[in-house]
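Structural overview for review
Residue strings, one per chain:
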Amino acid sequence: CIPFRALTHHRHENLLVTGKTMAQSFLANSATRLHPIEWSTGTAAGVVAAHMAETGKNTRNVLQTIEEVQQLVSEYTPIDWTLPVETAEHD
């Protein structure tokens, strides 16, 4: 789980940073450099950006209602990037 603050910048209220451009420590970078995690941060940021556009909120407002955004992200982003076993068996 990547904290929402890792996707934001303290000086810019409407900036979401994802993937390899996220500022983080060496250890955190080592843990997030895998493609599925990079993609996950991008899809989560897309959901948050759409929510911000629809509601007129900025990143600071979103942080105040983070539970609402977490629900949207869990609803609209994949958590598994592999093919289901039954799909793979039919190929």
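Each value, and the rule that gives it
Along every chain, residues carry numbers that run from 1 in the direction the sequence is written. Side-chain atom pairs in this predicted model are given and counted only at pLDDT of 80 or more, local residue features only at pLDDT of at least 70, and totals for whole chains, interfaces and linings cover all residues. Side-chain metrics in this entry use all non-hydrogen atoms of the structure; hydrogen atoms and water are not considered. What is meant by a nonpolar core is a set of buried Ala, Val, Leu, Ile, Met, Phe, Trp, Tyr and Cys residues, joined one to another through side-chain atoms within 4.5 Å. The buried label goes to any residue with under 20% of its type's maximum accessible area, the exposed label to any with over 50%, and the partly exposed label to all in between, with areas taken from a 1.4 Å probe on protein chains only. Secondary structure elements are defined from DSSP: runs of H or I of at least 4 residues count as helices, runs of E of at least 2 residues count as strands, and each element is numbered from the N terminus. Polar contacts here mean pairs of N or O atoms no more than 3.5 Å apart (in protein, one a potential hydrogen donor and the other a potential acceptor; neighbouring residues in sequence count only if both atoms are side-chain atoms). By definition in these notes, contact holds between two residues if any of their heavy atoms fall within 4.5 Å. Every residue carries a pLDDT, the predictor's confidence in it, which falls somewhere between 0 and 100.

Buried together is how nonpolar side chains tend to be arranged in soluble globular proteins. Phe4, Leu7, Ala44, Val47, Val48, Met52, Val62, Ile66, Val69 and Val73 form the largest nonpolar core, which has ten residues in total. Put simply, the parts of the chain that give this core at least two residues each are helix H2 (35-55) and helix H4 (66-76). Counting residues per element, this core draws most heavily on H2, at four residues.

With that settled, consider the side chain of Thr77. With respect to the secondary-structure elements, Thr77 resides in the loop between H4 and helix H5 (85-89). Residue classification places Thr77 among the buried positions, given a relative accessible area of 13%. A distance of 2.5 Å separates a polar side-chain atom of Thr77 from the backbone oxygen of Val73. When sequence neighbours within four positions are dropped, the list of residues in contact with Thr77 reads Thr43, Ala44 and Val47.

Let us now look at the confidence of the model for the protein. Predicted confidence across the protein gives a mean pLDDT of 79, with 67% of residues reaching 70 or more. Element-level pLDDT for the protein is lowest in H5, with a mean of 61, against a maximum mean of 92 in helix H3 (residues 59-64).

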